[in-house]
Amino acid sequence: MTEFLQQAINALSLGSIYALIALGYTMVYGIIKLINFAHGEIYMIGAFVGYWTMSVFHLGVFEAILAAMIVCTVLGVLIERVAYRPLRRSTRLASLITAIGMSLLLQYTMMYFVGADPRAYPALPDYMNASFSLGGVVVKSQQLVIIGISVLLMILLQFVVKTTKMGKAMRAVSQDPEAAQLMGISVDRTISFTFAIGSALAGAAGVLVGIYYNSINPLMGIMPGLKAFVAAVFGGIGIIPGALIGAFVIGGAETAVSALGYSLFRDGVVFAILIAILIVKPTGLLGKNVREKV
Amino acid sequence: MQFSRRALFGTTAAVAVAGTLAACNASPSGTNGADGDTIKLGVNYELSGDVATYGQASVAGIKMAIEEVNAAGGIDGKQIEIVEVDNKSDAAEATTLATRLMSQDGVIACMGPATSGNFKATIPVAQDNQVPVVSGSATADDVTVDADGVKEYAFRICFNDSFQGTIMAQFADENLSAGTAVIIQDNSSDYATGLAAAFTAEFEKRGGSIAATEGFTAGDTDFNSILTRLRGETFDVIYLPGYYSEAGLIIKQARDLGIDAPILGADGFDSPTLLELAGTGPLNEVYFTNHYSSIDEDPAVVDFISAFQEANGEEPNAFHALGYDLGKFVADAVSRASELTGEAVKTAMAETQGFTGVTGTFDMDENHNPVKSIVVIGLADGVQATSEKIG
């Protein structure tokens, strides 16, 4: 039982991180039908921004998260403006290839500047390194911070999408961009806003991962990016609650596979889930619910 | 006129006899390094590319050794000249450069490359040209000997991978009185799986048992789930063959989960990055096998460390030490060779008995592997606290 609860904590922490990344994937797909493969790299750059704010400017953890979110917001909007907007009227394949190109460009630009070796995150204040033992189950304060911040950001996102004017515009553009434009909604601004929110979440995820695992490198975005993509597809790509469910399912599946002693199949199982869902229900778990699409 | 000017140059270079002879011969550079007034040795290392740090450290050690030999008068009055090339951490480039060193520059022995794969690529060239190649750090089991028998012109001065696993099993049994072990191995590297197999074989031979084996792949960062699983097992030690990038994270996450059993590793732990990734607290009760320890109190090692620090401004790591021993080993073999040809140097290398270096004293066995001891380093709060020679 102790072991099960411990694994559940592990799964929740992992799932929260995937959720923050998956939300960005799913929102961008929902609004312009583009799988933004550069999203994992925005997460990676968020981790490095957090690293620099903490080691060079000696700011605290929460300031570092904020700084990473701001830089990633700017970067996400810039990428959309430079790489995707000129291709919006061309085939979807062209945008997809551009997204992959953008992803590689960011990976290797960072590698040029910081090198390929993993870096350790700066030392954290004591309250971040504390851990509690609840009947044999070890809970680290880092895990609580990760889960807490993830939940907080997701509630904030839900609030923005459901109640603000911009959220309404996002939902309108995702349903029918042309009709939305006829209603006086600025489609370009709405898309930029979507990239901004998604990238901010990825930036926060980057810093949280840096804190949690204490190791960052320029290629760290590839695997979590792909897994978050699987999570988004699992829940039904384009659907925000779907991405959340997908992320926790993927985090849970990975942990379960390792817990049963098949740790080498961990990544394999995640991608087997992707194949299975595409064969059985390509629209994902919540795929029918088109009205909720953002 | 021509003659006297050359002779004069030879005298001022303090190698009068050899210089005059060389002038008389006026041999074109090349064909054979021993014809000139210097003895040419090739240095074929990874000075750029993926494993540049290994190559650069080895070459720094080699240069220090050769400078010492030259300062002491060289070999039979001849100075050693190093021909240094950069193989860019690439096996094909290493092969091309080995050919050039042996056939054009006329070296009588080649040092390097540092990694097993690149070193193996140069061995066929060595066999063809009858010039020995020696590596200071190629530790793969099959470097100097394979199913076809020993490779006549290939040598190394470091122990092989499986020996590290064997010694660690002995250490776990004798020094830590461990009866049960679990293994967490990097399944994406031959190095780690080879170590794990050797450890298991020796540990079981000594009556120990392996309670569980877990695997990971290079680049993983989340080990919480496998460690949580291991926490449910009963064991005395964890054997963790792998490199510092993952080992650092595993040690940290294991200690965070309350696993305080000793963690044993191999020379892949030897990097300052291990301390950065794991932090000081978790790096207690951590032991790893290595080629040499900077806290060794052997006078030869202490002298080497202070001389190296003076010359290079940093503390030498295992690659520096191995490079230094490699330079001394080759110079020693050349001085014992009956004549200055690749074949004679090869014979001298194969006959090496009781060579003493900073990484230990060794004889060369019939498979061209040194028979030497291993150092087991113990960490306390992230710094080397104990070192013990075994084997």
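Residues numbered from 1 in each chain as written. Chains lettered and ligands numbered in written order. Predicted model: local features only at pLDDT ≥ 70, side-chain atom pairs only at ≥ 80, totals over all residues.

1. Considering the overall build of chain B
Note the following rule: Only DSSP runs of H or I covering at least 4 residues are called helices, and only runs of E covering at least 2 are called strands; the numbering of each starts at the N terminus. Throughout, radius of gyration means the C-alpha value; the globule benchmark is 2.2 Å times the number of residues raised to the power 0.38. Counting other C-beta atoms within 10 Å of its own, a residue is labelled buried from 20 upward, exposed at 12 or fewer, and partly exposed in the gap between, with every C-beta atom placed from the backbone. Throughout, a pair of residues is in contact if the C-beta atoms placed from their backbones lie within 7 Å.
When helices and strands are tallied, chain B shows 13 helices and 17 strands. Against the compact-globule benchmark of 21 Å for 391 residues, chain B has a radius of gyration of 23 Å, which places it among compact chains. Based on the C-alpha atoms only, the size of chain B along its principal axes is roughly 85 × 45 × 35 Å. For chain B, the proportion of its 391 residues judged to be buried stands at 52%. Across chain B, the fraction of contacts at a sequence separation of at least 24, relative to all contacts at a separation of at least 6, is 68%.

2. What about the overall build of chain A?
Check the secondary structure of chain A and you find 12 helices and two strands. From first element to last, N terminus to C terminus, chain A shows the α and β order α-α-α-α-α-β-β-α-α-α-α-α-α-α. C-alpha extents for chain A along the principal axes are approximately 60 × 45 × 35 Å. Within chain A, the proportion of its 294 residues that are buried is 52%.

3. Brief notes about the UniProt feature "transmembrane region" (unreviewed entry) in chain A
Residue and element names in this part refer to chain A. What counts, and what does not: UniProt positions are given in the numbering used here, feature names are shortened, and annotations may be inferred rather than shown by experiment.
UniProt's entry tags residues 12–35, 65–84, 96–115, 143–161, 191–213, 228–251 and 263–280 with the feature "transmembrane region" (unreviewed entry), counted in the numbering of this structure. Counted over residues 96–115, helix gives 95% and strand 0%. Its end C-alpha atoms are 27 Å apart. Counted over residues 228–251, helix gives 83% and strand 0%. Its end C-alpha atoms are 10 Å apart.

4. With respect to the sheet that holds strand E13 (residues 355–357) of chain B
Stated precisely, the cut-off is as follows: When DSSP locates at least two bridges between a pair of strands, those strands are taken to pair.
Strand order in this open sheet of three strands is E13-E14-E15 (chain B), and the pairing throughout is antiparallel. Each of the sheet's edge strands pairs with one partner strand only, and the pair in question is E13 and strand E15 (370–371) of chain B.

5. Some thoughts on the sheet that holds strand E2 (residues 79–86) of chain B
Residues and elements named next belong to chain B. Quick note on the threshold: Note on geometry: axes are C-alpha line fits, over the in-contact stretch for helices, and angles between N-to-C directions span 0 to 180 degrees.
Taken in spatial order, the five strands make up an open sheet running E2-E1-E3-E4-E7, and their pairing is parallel. Of all the strands in the sheet, the pair left with one neighbour each is E2 and strand E7 (154–156). Pairing analysis gives two bridges linking strand E3 (residues 110–111) to strand E4 (residues 133–135), with the strands arranged parallel. Note that in E4 the partner of Cys110 across the bridge is Val133. Contacts from helix H3 (residues 52–71) reach strand E1 (38–45), E2 and E3, with the element oriented near 165° to E2.

6. Re the interface of chain A and chain B
As a reminder, the rule being used: Any residue outside Ala, Val, Leu, Ile, Met, Phe, Trp, Tyr, Cys, Pro, Asp, Glu, Lys and Arg is labelled polar, Gly included; the first ten of those are nonpolar and the last four are charged.
Contacts between chain A and chain B engage 20 residues on the former and 21 residues on the latter. Here the side of chain A that touches chain B gets five residues from one element, more than from any other, and that element is helix H1 (residues 2–32) of chain A. Tallied by class, residues from the side of chain A that touches chain B come to seven nonpolar, 10 polar and three charged.

7. Looking at helix H8 (residues 224–231) of chain B
Burial analysis of H8(B) places seven of its eight residues in the buried class, the great majority of the element. Where H8(B) is concerned, the buried positions are B:Asn224, B:Ser225, B:Ile226, B:Leu227, B:Thr228, B:Arg229 and B:Leu230.

8. Notes on the nonpolar core
Let me state the cut-off plainly: A set of buried Ala, Val, Leu, Ile, Met, Phe, Trp, Tyr and Cys residues, joined through C-beta atoms within 7 Å, is what we mean by a nonpolar core.
One finds A:Ala22 and A:Ala204 to be the most contacted residues of the largest nonpolar core, which totals 203 residues. If we skip the residues at most four places from it in the chain, A:Ala204 touches A:Leu20, A:Gly46, A:Ile65, A:Ala68, A:Met69, A:Ile149 and A:Leu153.

9. Concerning the domain arrangement of chain B
Residue and element names in this part refer to chain B. Our working definition: Residue ranges assigned to each domain were obtained from an automatic or database domain assignment.
Partitioning chain B into domains gives domain 1 (33–159 + 299–373) and domain 2 (161–290). Using only C-alpha atoms to locate each centre, domain 1 and domain 2 end up separated by 31 Å. Counting residues at the interface gives six residues for domain 1 and eight residues for domain 2. Looking at side-chain class alone, the side of domain 1 that touches domain 2 contains three nonpolar, two polar and one charged residues.

10. What to know about the pairing of strand E16 (residues 374–380) of chain B
All names here are of chain B. Counted residue by residue, E16 has five buried out of seven residues, so it is predominantly covered. Where E16 and strand E17 (residues 383–390) come together, seven bridges link them in antiparallel fashion. Residue pairing for E17: Ala380 is matched across the bridge by Val383. Between the antiparallel neighbours E16 and E17 lie two residues, among them Asp381 with a positive phi of about 50°.

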